[in-house]
Structures are given as C-alpha cells and as structure tokens.
There are 2 protein chains.
Amino acid sequence: MGVALWRQIADEIRRGIVSGLADADGRLPPESRLAERFGVNRHTVRAAIAALAHEGVLQTAQGRGTYVRQRKRFVYPIGRRTRFSAGLHDQAGATSSTMLETATETARPAVAAALGLLPGASVIRIESLGTADGVPVSRATSWFDGARFSGIADLFARTGSITAALAGCGVTDYRRASTGIEARHADEADTRELHLSAGAIVIVTQALNVDLSERPIQFSTTRFSADRVELIVSSTGLHDAEPQG
Amino acid sequence: MGVALWRQIADEIRRGIVSGLADADGRLPPESRLAERFGVNRHTVRAAIAALAHEGVLQTAQGRGTYVRQRKRFVYPIGRRTRFSAGLHDQAGATSSTMLETATETARPAVAAALGLLPGASVIRIESLGTADGVPVSRATSWFDGARFSGIADLFARTGSITAALAGCGVTDYRRASTGIEARHADEADTRELHLSAGAIVIVTQALNVDLSERPIQFSTTRFSADRVELIVSSTGLHDAEPQG
DNA sequence: GAGGATTTGTGCGTATGTATG
DNA sequence: GCATACATACGCACAAATCCT
C-alpha cells in the first residue's frame, strides 16, 4: 500500500486511544514499547507521535512520557460588545487579565492608521495575559493614544480590566468596530506565554474598539490558543451592511 | 549551548531567506547541499525545514524542491449578509463555487438541532469547493431540510451559487445568524481537496443561515485554508446584544 | 515517451544528551 | 545516584515524485 508506515502507526495509535491504549492518566506506553508492539523502529513511532502531537491529539513531555491531550474549549463571543471577562464569565469559575508589560513608543504605521493618529504619534502599548480557571487562554498586545490615555497602564494594572481602565480615562462605553481573524502556528513567545506545546495553533485577532462617537480608542492583536478557545460571532440584531462587493 | 542544532539551522535558513539563499523562483538549495553547507546531517536540515514549513515560511514538494512560501490572503467578510462570491468579488478576478458531492441522509443530532428539525429527520448534504482566482480557498459541507429544499442540490450544481439555489426554492433572502470559528491542523481530506501541504492549518467555521422569518435554512461547516484566507467581522451597525455573561 | 538524474520522503540502526521521578 | 523516557544527531539505504534530455 502506498501509505507511509508512520502514518499507519499514527492511525493505529489514534484508534488505540479510544480503546484503552493509554492508562488511566492518559499516558501512552513509552516509545520503545510502542515500537516493539508495532514491530517498527522507534523513529517511526516518533514520527507518528509527532504528527499526532501536531494535530493536538497527543502531548509529549521529556522525561515524563506522552499523554493524550484532553480538550474542552471556551467559547469567546465576538460582537458589538466584546469584553474579555464578561465573555467567559458563564463558562469559567474565575477569569483574570494581567498586565505583563507596558511601554510608551512611537506608533508603527499600521497602528497609527488604525487609531487615526498621525504617523509617529506616541502610543501606549500594553501586553496582557488572559486566563480562565487558571489556564492561560489569550495573550494580547493593545495600543492606545498616548495623549488621550496617559494613565491607562496604571489603571489596567490595578483593575485587571480594560473596561475599567478606559472608564477611569473618561470612556464610559465603547464598542468593537471590527475584528480580523487569522490562524497560524504558535511562535516561540506564544509557546512560552500561553504554555503551549510544539505544533500548537493560535487564532490571531486584530480588533479595533471605538468610543460612542466612533473615535478609535484601542487597537489590539490577541493570540488565542486554538486548543482552548473557539470564537463565536452572533449576528443577532445586525443591521444591513453595504453590499459586500 | 542549550539550543538544538536543528533550531539553529532553522534560524540560519530563516535569515538566509531574506538575503538571497533562495533563487529567483524562491527555491532553496537541495537539502543535501544545505547539509554540506551547514556541516550537519541531512536529517538535521530536514528537521529545520519541517519546522519552517510548519510555520508557513517554507513549502516542500517531493521531487521539485523546497520553496519560500509567498503569501497574500483573501479577506473573507463575516456578517449579517455573508455570501461566498460577493465577499471575495472585489479581491479576485474570478470566484467559483463547485458542488463536489451531495447525498440525502438522516440528520445527525447536532445538525437536526441546528436546523430545528426532529431527530432523525431527512436532510440534504452538499459538499462544495470554493475557489478564487483558480486557487481553492474553502471547502464546505452544508445541510438543508430535505422536506423543504428537495431540489436544492440540482439548483446549486447548475448555478454554482447557494443564494441562487435558495432563491429557486422560494427563499428570497436570508441572513447569517451565527458563526463559530475554530482552527486546527488540516486533516487528510482537507489537504487533498484544498491542495495544502503538510502542517497546514485550516480555519473551521460553523455557520447557521436563517430566512427572513428567522427559520433556520442552512447549517454548514466550512474549512478555509489559513494560509490563503483571513476572516473579518465588521460590527458596523450592530445593535446591542444581551449582556454577554 | 522512455529513461536517467535530481530531490524530497521514509525507514532503520546506533549513539548520546537531557529532563523527570 | 540511578533508571526511565523523550530529544537530538549522525550515517546508510531505498522509495517516490519530478525534471530534463
């Protein structure tokens, strides 16, 4: 048959998972044992395991073993009033949003354009980590107009809420104007901050929030672990938009 | 040094790409030559290339070589009036939607629930492929109420348009009620139908369309090539939804 | 189109490094 | 310290797809 041996082994392992190949903790037999069992070289088993880890079915840990990954995804709603904690509130016992880092810098062209600022304007960048039930689910980089929101980093650090921080700056309400969505493999930083394993996928959103007078106030890029989060767009109550094309 | 050799090689290749390692067509030197050049085994080069292919930087083709992947993504709008061809119309010279397969079957519970049918109801399943400028960008599986839309497969096959096919069944207009979005690695079928290479990512949407009286008419799962497509949600004109949590 | 050369894909054997318990 | 188990690396050989003559 024309199909590679390691793919066949991967299928066998995949099927084995649902029929007791792993122990009670979800741990697979060691590679060496699997190699014996299937009558192939350990490298071949490793190729199969790498592919399954790749798919998110398995997870390997040096020195500890290979485990079946258990999945349960949070559903993150995207709409006019997208807010991190509120969105996950009914799915998680506890959510948190922590500031990792902040800096004042000159806006990159894309950031300046999104925020409606002049090229080279000063912006505040905030890096934050979102968790639900203690599990990191998203990592965001947000930019704010430095002139208008000078104290926002402190406020966010104290409150753990963008909404509260904006309120402290006089923004009583805001809405999500647009959300771009793409997916890619996690890079080294994603892997570290979100505790992902090799081959993991992140869903990357680029969001623009505007205040009640439609002025841009926040531009952000958020990386969600695709294993832990699913996005949902509810169009309930959407007006007709202009024809798309 | 604590960092694996293949990672170092990957970085060297990555840097090399922007400084003329690849030829005019974006083709890299063969693995054997890279191995010599870096003074490592070909397996080590392969591990590096696999990682970069994984990230979407490179693309390998058996017998042809390894190429730097060029990317230009279509932006697929998701909103109240999401339609395949209209969404890509201003970005592509030509778009098409082709029926690959259709069948009448009893609804799975999830499908029946989404369409508001009784468990075990008869539904029509249509598999289709969406292309833009000749490139496959999405593969969809759609379900329709078999009793209400008995002739829809023929209509879609003839017109290449879900909107036209629905119109032929008396649905003058419809809107997108909700869209779930997740991302995963392409499986074997995705790889084949969308011409993806190993390690590719697909963005998977689960969409529900309803008619003007809010009755569900179409439930579909669409796999987009994450390399070729980016989704965008424009909240322009969104009403307030109920508080999210 | 036939056939050889090129290039990536698969598989095995072996050895050693590194993290865990 | 010691055993276990995954991670990395080399060398060899052949298969499969593509390209070129």
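An account of the accompanying structure is given in this report. (Residues numbered from 1 in each chain as written. Chains lettered and ligands numbered in written order. Predicted model: local features only at pLDDT ≥ 70, side-chain atom pairs only at ≥ 80, totals over all residues. Heavy atoms only, no water.)

Of all residues adjacent to DNA strand C, which total 23 residues, the nearest are A:Leu5, A:Trp6, A:Thr44, B:Glu31 and B:Arg42. The sugar and phosphate moieties of DNA strand C supply 68% of its atoms located within 4 Å of the protein. Between A:Gln62 and DNA strand C, the recorded distance is 2.9 Å, taken from a side-chain N or O atom to a base oxygen. B:Gln62 is positioned such that a nitrogen or oxygen atom in its side chain is 3.4 Å from a sugar or linking oxygen of DNA strand C. Where the surface near DNA strand C is concerned, the elements lending two or more residues are α1 (5-17) and α3 (42-55) of chain A together with α3 (42-55), β1 (58-61) and β2 (65-68) of chain B. A class-by-class count of the residues in the surface near DNA strand C yields 6 nonpolar, 11 polar and 6 charged. (Near = heavy atom within 4 Å. Polar contact = N/O pair within 3.5 Å; in protein donor to acceptor, adjacent residues only side chain to side chain. Helix = DSSP H or I, 4+ residues; strand = E, 2+ residues; numbered from the N terminus. Nonpolar A, V, L, I, M, F, W, Y, C, P; charged D, E, K, R; others polar.)

Attention now moves to the sheet that holds strand β6 (residues 135-145) of chain A. The pairing of strands in a sheet comes from backbone hydrogen bonds and takes either a parallel or an antiparallel form. Read across the sheet, 8 strands follow the order β4(A)-β5(A)-β6(A)-β9(A)-β8(A)-β7(A)-β10(B)-β3(B) without closing on themselves; strand pairing throughout is mixed. The sheet is open, and its two borders are formed by β4 (95-106) of chain A together with β3 (74-78) of chain B, each paired with just one other strand. On average, adjacent strands in this sheet sit at an angle of 20 degrees to one another, irrespective of strand direction. Sheet topology places strand β8 (residues 201-211) of chain A next to strand β9 (residues 216-225) of chain A; 9 bridges connect them, and they run antiparallel. Note on β9(A): the bridge partner recorded for A:Leu208 is A:Phe219. (Pairing = 2+ DSSP bridges. Axes fitted to C-alpha atoms, helices over the stretch in contact; angles between N-to-C directions.)

Within the secondary structure, A:Gly151 sits in the loop between β6 and α6 (152-159). For A:Gly151 and A:Ile126, which are 25 residues apart along the polypeptide, the C-alpha to C-alpha distance reads 12 Å.

Read from one edge of the open sheet, 8 strands run β3(A)-β10(A)-β7(B)-β8(B)-β9(B)-β6(B)-β5(B)-β4(B), paired in mixed fashion. Pairing within the sheet leaves two strands with one partner each, and these edge strands are β3 (74-78) of chain A together with β4 (95-106) of chain B. If you compare each strand with its neighbour and ignore which way they point, the axes differ by 20 degrees on average. Relative to strand β6 (residues 135-145) of chain B, strand β5 (residues 122-132) of chain B runs antiparallel, the two sharing 10 bridges. If you follow B:Leu129 over to β6(B), its bridge partner there is B:Arg139.

Successive side chains on a regular strand alternate, one facing one side of the sheet and the next facing the other. Residues and elements named next belong to chain A. Of all 11 residues in β6, 10 are buried; the element is thus mostly enclosed. Counting the residues that bridge the hairpin from strand β5 (residues 122-132) to β6 gives 2 residues, and of these Asp-133 lies at a positive phi of roughly 55 degrees. Pairing of β6 with β9, which is carried by 6 bridges, proceeds in the antiparallel orientation. Within the sheet, the bridge partner assigned to Trp-143 lies in β9 and is Phe-219. (Buried < 20%, exposed > 50% of the residue type's maximum accessible area, 1.4 Å probe, protein only.)

Okay, unusual backbone geometry next. Positive phi values are uncommon outside glycine, yet B:Asp133 reaches one of about 55 degrees. Take B:Asp133: its relative accessible area is 37%, and that puts it in the partly exposed class.

Here we take up the pattern of salt bridges. All names here are of chain A. The full count for this structure, using the stated rule, is 31 salt bridges over all chains. Between Arg-42 and Glu-31 there is a salt bridge whose closest N-O contact spans 2.7 Å. Of this pair, Arg-42 sits in helix α3 while Glu-31 is found in helix α2 (residues 31-38), placing the two residues 11 residues apart along the sequence. A relative accessible area of 16% places Glu-31 in the buried class. (Salt bridge = Lys/Arg side-chain N within 4 Å of Asp/Glu carboxyl O.)

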